Amino acid sequence: MTPAGEEVAAAGQGPGRPGADASTPGQGGHTPCAATLQAAETRRLYARDWAAFEAWCATWKRNPLPASPGTAAAYLALLARRLAPGALARHAAALSDRHRRAGHPAPGDDPAVQALLQAARVAHRAKQDAAPSARPFSRRTPPPSPAELARMAARCPGDLAGLRDRALLLLAATGLDREALLFLDRGGVRLTDAGVELILPRLAGEDSGEATSTQTVALPRVAAVLACPVRALEAWIRGAGLRFGPVFCKVDRWGNVEHGRLGAAALRGIWRARAAPARRGRRRPDAG
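What comes next is a walk through the structure. (Residues numbered from 1 in each chain as written. Predicted model: local features only at pLDDT ≥ 70, side-chain atom pairs only at ≥ 80, totals over all residues. Heavy atoms only, no water.)

**Examining the overall build of the protein**
Logical step 1: Secondary structure summary: the protein contains 10 helices and 5 strands in total.
Logical step 2: Burial statistics for the protein: of 288 residues in total, 38% are counted as buried.
Logical step 3: As displayed, the protein offers around 15,800 Å² of accessible surface, 56% of which is attributable to carbon and sulfur atoms. (Helix = DSSP H or I, 4+ residues; strand = E, 2+ residues; numbered from the N terminus. Buried < 20%, exposed > 50% of the residue type's maximum accessible area, 1.4 Å probe, protein only. Areas by Shrake-Rupley, 256 points an atom, 1.4 Å probe, with all protein chains shown as cover.)

**Let's talk about helix α7 (residues 160-173)**
Logical step 1: Relative to the 20 Å expected for 14 residues at 1.5 Å per residue, α7 spans 20 Å between its end C-alpha atoms, a close match to the ideal helical length.
Logical step 2: In terms of residue burial, α7 counts as a mostly covered element, since 13 of its 14 residues are buried.
Logical step 3: Once α7 finishes, G175 follows within two positions and takes phi at roughly 105°, a positive value. (Expected span 1.5 Å × (residues − 1).)

**Examining the nonpolar core**
Logical step 1: Ranked by internal contacts, the top residues of the largest apolar core, which has 60 residues, are L176, L198, L219, L233, W236 and F248.
Logical step 2: Sorting elements by how many residues they give to this core places α7 first, with 9 residues.
Logical step 3: Each residue touching L176, except ones within four places of it in the same chain, is listed here: L78, R81, L171, L181, L198, L200, V217 and L219. (Core = buried A, V, L, I, M, F, W, Y, C linked by side-chain atoms within 4.5 Å. Contact = heavy atoms within 4.5 Å.)

**Details of the side chain of T71**
Logical step 1: Tracing the backbone shows T71 in helix α3 (residues 69-80).
Logical step 2: Reaching out from T71, the side chain makes a polar contact with the side chain of S68 at a distance of 3.0 Å.
Logical step 3: Filtering out sequence-adjacent residues up to four positions away, T71 remains in contact with F53, W56, C57, R62 and N63. (Polar contact = N/O pair within 3.5 Å; in protein donor to acceptor, adjacent residues only side chain to side chain.)

**Here's the deal with the pairing of strand β5 (residues 257-261)**
Logical step 1: Pairing geometry for strand β4 (residues 249-251) and β5, over 2 bridges, is antiparallel. Across the sheet, the residue bridging to V251 is V257, located in β5.
Logical step 2: Counted between consecutive antiparallel strands, the loop separating β4 from β5 contains 5 residues, among which G255 sits at a positive phi close to 85°. (Pairing = 2+ DSSP bridges.)

**Considering unusual backbone geometry**
Logical step 1: Cis geometry marks the peptide bond from L65 to P66; its omega dihedral reads -5°.
Logical step 2: Of note, K61 is a non-glycine position whose phi angle comes to about 55°, a positive value.
Logical step 3: Along the chain, the position of K61 falls in the loop between α2 (33-59) and α3.

**Some points on the environment of L45**
Logical step 1: Tracing the backbone through its elements, the reader meets L45 in helix α2.
Logical step 2: A residue is classified by how much of its surface remains accessible, and L45, at 2% relative accessible area, is buried.
Logical step 3: Along the primary structure L45 and R90 are separated by 45 residues, whereas in three dimensions their C-alpha atoms are 8.3 Å apart.

**Section: the packing of aromatic side chains**
Logical step 1: Under the criterion given, the structure shown has 4 aromatic pairs.
Logical step 2: Measuring from centroid to centroid gives 5.4 Å for W50 and F53, while their planes differ by 50°, and the two rings are tilted. Taken as a pair, W50 and F53 lie in helix α2 at a separation of 3 residues, close to a single helical turn. By the burial criterion, W50 is buried, and F53 matches it.
Logical step 3: Residues F53 and Y75 carry aromatic rings whose centres are separated by 5.0 Å and whose planes lie at 65° to one another, so their mutual orientation is edge-to-face. Residue F53 is located in helix α2, and its partner Y75 is located in helix α3; the two are separated by 22 residues in the primary sequence. In this pair, the class of F53 matches that of Y75, namely buried.
Logical step 4: Each member of the aromatic cluster is reached from another via a ring pair, and the members are W50, F53, W56 and Y75.
Logical step 5: Seen from the ring of W254, R253 lies directly overhead, with NZ or CZ sitting 5.8 Å from the centre. (Phe/Tyr/Trp six-rings, centres within 6.5 Å; stacked < 30°, edge-to-face > 60°. Lys NZ or Arg CZ within 6 Å of the ring centre and 35° of its normal.)

**Description of the pattern of salt bridges**
Logical step 1: Enumeration according to the criterion identifies 9 salt bridges in this entry.
Logical step 2: Notably, a salt bridge pairs D49 with R90, separated by 2.6 Å at the nearest N-O pair. You can see D49 sitting in helix α2 and its partner R90 sitting in helix α4 (residues 85-101), a full 41 residues away along the chain. One exposure class covers both D49 and R90, and it is buried.
Logical step 3: In this structure, a network of salt bridges that share partners links the residues R48, D49 and R90. (Salt bridge = Lys/Arg side-chain N within 4 Å of Asp/Glu carboxyl O.)

Here it is, written out as structure tokens:
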């Protein structure tokens, strides 16, 4: 479905919204077919969005129903990095619909969630105003999915470059902005027995390297040790002996950790190298 179609689905008739019910005959006793099809499509999208939210909650050990406003806001903030405002609003509406039908307060009515949706709309309009002739979505090959990132991380070796790349891949698999992770500093990482708190920058634009503000993201430790982004980050920091400076820095071909921060081009090189099968003699992805 196109972004415009997603906006229509988000704003269309759904449970709890005023308007004619899809099963109510129109004038002359005829069922309004367009309204019926729209309501059915809305229910289908809501069910899909709710299933995605439940899966995310199961991964991060959060309660989906009723979900706290903080849980809903954290989930929608992750989606806001890759979805258009209309699609993001539909996800929020799906969460609210399921809560209302279960007799719980709607997360979409919370001021924090409303502020997040408004901020997404403002940022989208600002981006369009800055580049009115640019296409809103790239037609290039889509980035790896979370499942693909996890598989790539599992193939990383145990050397320093492998520890760094495994941490990067698993953190990206949680939905964190990949370019923002490159600007993560050691002072913005707080490891605890329960998980990690990261202070990440909000970038002004793709590959801009300009931070407009910061956000704090909390990630828990997960039971699967090899798939835990917190343990992977901890292993990289400990192995590299990082005490200050950028978290994701260069590793030269001899395995020495440098203080230079990785760039977006280096990140794409890591993605390509870790996605391809290991080949003897291939240059390691040291991200020069």
